[in-house]
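# Fold and geometry: a report
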Amino acid sequence: MVTRRHFLTLVGGGALAGAGVLASAGCGRTHEPTLARIKRDGVARVGISDEQPFSYLDASGQITGESPAVAAAVLTGMGVPRLEAVQRPFGELIPSLLAGTLDIITAGMGITPGRCAQVAFSNPDFLAPTGFLVPRGNPRQLYSFEAVAKAGLRIAVLDGSVEQGFARSAGISDDRIVACRSQGSLFQAVFDGGAQVAALTDISLRSVLRLHPDSPLQVTGGIPPPGRFTQPAAGFAFRPGDVDLLRAFNTGLAVLHGSGQWLKIASPFGVTSANLPPSGATTASLCHPA
């Protein structure tokens, strides 16, 4: 939860260029259409999680990350110049959105069939390949979820994450899945030996490892999704009824992707042109894979 100190810091300035960023506990939804309300008020409530580099508070308490930065650019172009950020554990973001506490989830959330049954996703924002966090040298030679299952190891994941679903699909039992509430606790689980491996996007794992350069851990990238899962791609989540807001947001996001502005916004967070979704990675194909 954002503290009062963070609230005061954020009111005084913003880490996201072009958008004033506030912290808030949120408030209930009104009957006014969301798009009309946020344009009238000039502010959208966005849900963030504590996961670098996607959405987090920096060392000075400023809200930052690839997803809020991209959302700020899109929303500013729509005439909504401010973001009011509500921080929640990752697994609580969708319930908070559906309860009306948030208007948009801006947390690098993977687009999956299960989530698509609950919320409406934007067009894909970026590809999010999976990585493993393992002891340096990868002594157990872990390069797939199936290998983790076969070895009977404990795996740390973010609670509610795509990787949690991957682990279960690969046959890893829940008693061997360490469901963490934050990126930091996921790192700590492997560092302390409570889990022998952790799974998250390789972008996220490399980001957290940069904070601990002397740790005896490494990131192994290129971990394939188990079974018939496709390569994960992330987007922004909306309530299913907010069709006009979703349509307007998608228009702005397409402009950012096509103009090259998206890469300028995203690259400071470790995202590259290789993470741009290919034309075949549509929201429909990710929500309803063949």
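Residues numbered from 1 in each chain as written. Predicted model: local features only at pLDDT ≥ 70, side-chain atom pairs only at ≥ 80, totals over all residues. Heavy atoms only, no water.

## Describing the confidence of the model for the chain
The following threshold applies: Along the chain, pLDDT gives the predictor's confidence residue by residue, from 0 to 100. Strands here mean DSSP runs of E at least two residues long; helices mean DSSP runs of H or I at least four residues long; both are numbered from the N terminus. Contacts are assigned to residue pairs with any non-hydrogen atoms lying within 4.5 Å of each other.
The share of residues in the chain with pLDDT of 70 or more is 90%, and the mean pLDDT across the chain is 88. By mean pLDDT, helix H1 (residues 4-12) is the weakest element of the chain at 30, and strand S7 (residues 120-121) is the strongest at 98. Taken as a whole, residues 1-15 scores under 50 in pLDDT and shows 26 contacts with residues more than four places along the chain or in a different chain. Here residues 17-26 is a poorly scored stretch, pLDDT under 50, and it has 33 contacts once near neighbours within four places are set aside; other chains count.

## Here we look at the packing of helix H8 (residues 183-192) against helix H9 (residues 202-210)
The following threshold applies: Lines fitted to C-alpha atoms define the axes, with helix axes restricted to the stretch in contact, and inter-axis angles between N-to-C directions lie between 0 and 180 degrees. Orientation is classified from the angle alone, with under 35 degrees giving roughly parallel, over 145 giving roughly antiparallel, 65 to 115 giving roughly perpendicular, and any other angle giving oblique. When residues are grouped by polarity, Ala, Val, Leu, Ile, Met, Phe, Trp, Tyr, Cys and Pro land in nonpolar, Asp, Glu, Lys and Arg in charged, and all others, Gly among them, in polar.
Direction vectors running N to C along H8 and H9 enclose 75 degrees, while the axes themselves pass 11 Å from each other. With respect to their mutual orientation, H8 and H9 come out roughly perpendicular. Mapping the contact onto sequence places Gln-183, Leu-186 and Phe-187 in H8 and Ser-204, Leu-205, Val-208 and Leu-209 in H9. Of the residues that constitute the contact of H8 with H9, the class distribution is five nonpolar, two polar and no charged.

## Comments concerning the sheet that holds strand S9 (residues 130-135)
Under the convention used in this document: Pairing between two strands is assigned when DSSP locates at least 2 bridges connecting them.
A sheet is described by the order of its strands in space; here five strands give the open sequence S11-S10-S12-S9-S13, paired in mixed fashion. Of all the strands in the sheet, the pair left with one neighbour each is strand S11 (177-180) and strand S13 (217-223). Here the average twist between neighbouring strands, direction ignored, is 30 degrees. Summarising the sheet, S9 and strand S12 (residues 197-201) pair through four bridges and their orientation is antiparallel. Opposite Phe-132, over in S12, you have Ala-199 as the bridge partner.

## Description of the packing of helix H3 (residues 66-77) against helix H10 (residues 243-259)
We apply this condition: Crossing handedness is defined as follows: a turn of the near helix away from the far one that is anticlockwise and smaller than a right angle gives a left-handed crossing, while the clockwise case is right-handed.
Between H3 and H10, the shortest axis-to-axis distance is 9 Å and the interhelical angle comes to 110 degrees. The angle between the axes of H3 and H10 places the two elements in the roughly perpendicular class. Of the two possible hands of crossing, H3 and H10 adopt the one that is right-handed. In contact with Val-70, Ala-71, Ala-73, Val-74 and Leu-75 of H3, H10 contributes Phe-249, Gly-252, Leu-253 and Leu-256. For the contact of H3 with H10, a count of residues per class yields eight nonpolar, one polar and no charged.

## Points about the packing of aromatic side chains
In this description, a pair of aromatic rings is defined by centroid distance and the angle of the planes. To be explicit about the condition: Each aromatic pair joins two rings of Phe, Tyr and Trp (for Trp, the six-membered one) with centres within 6.5 Å, and gets the label stacked for planes under 30 degrees apart, edge-to-face for over 60, and tilted for any other angle. Three exposure classes are used, based on accessible area relative to the maximum for each residue type with a 1.4 Å probe and protein chains only: buried under 20%, partly exposed in between, and exposed over 50%.
Evaluated as defined, the whole model comprises six aromatic pairs. The interplanar angle of 65 degrees and the centroid separation of 5.3 Å between the aromatic rings of Phe-238 and Phe-249 together place this pair among those described as edge-to-face. Of this pair, Phe-238 sits in strand S14 (residues 233-238) while Phe-249 sits in helix H10, and the two are eleven residues apart along the sequence. We note that Phe-238, like Phe-249, is buried. Put simply, the rings of Phe-132, Phe-145 and Phe-166 pair up and form one aromatic cluster.

## Overview of the state of the cysteines
Stated formally: Criterion for a disulfide: a pair of cysteine sulfur atoms within 2.5 Å.
Applying the stated rule across the entire model yields one disulfide. With a sulfur-sulfur separation of 1.9 Å, Cys-116 is cross-linked through a disulfide to Cys-287. The chirality of the disulfide connecting Cys-116 with Cys-287 is left-handed, given an S-S dihedral of about -65 degrees. Pair noted here: Cys-116 is in helix H5 (residues 113-116) and Cys-287 is in helix H12 (residues 283-287), with a separation of 171 residues, a long-range link. Both residues of the pair, Cys-116 and Cys-287, belong to the buried class.

## Some thoughts on the pairing of S9
Along S9, five of the six residues are buried, which leaves the element largely enclosed by surrounding structure. In this structure, S9 lies alongside S13, joined through five bridges in antiparallel fashion. Across the sheet, Pro-135 pairs through a bridge with Leu-217, a residue of S13.

## Comments concerning unusual backbone geometry
Following Gln-52, the chain continues into Pro-53 via a peptide bond in cis, with omega recorded as 5 degrees. Mapping Pro-53 onto the fold places it in the loop between strand S2 (43-48) and strand S3 (56-57). Despite not being glycine, Asn-138 has its phi angle at roughly 45 degrees, a positive value. Inspection of the secondary structure puts Asn-138 in the loop between S9 and helix H6 (145-151). The exposure class assigned to Asn-138 is buried, which follows from its relative accessible area of 1%. A positive phi angle is found at Gln-141, which is not glycine, with a value near 50 degrees. Take Gln-141: it is sitting in the loop between S9 and H6.

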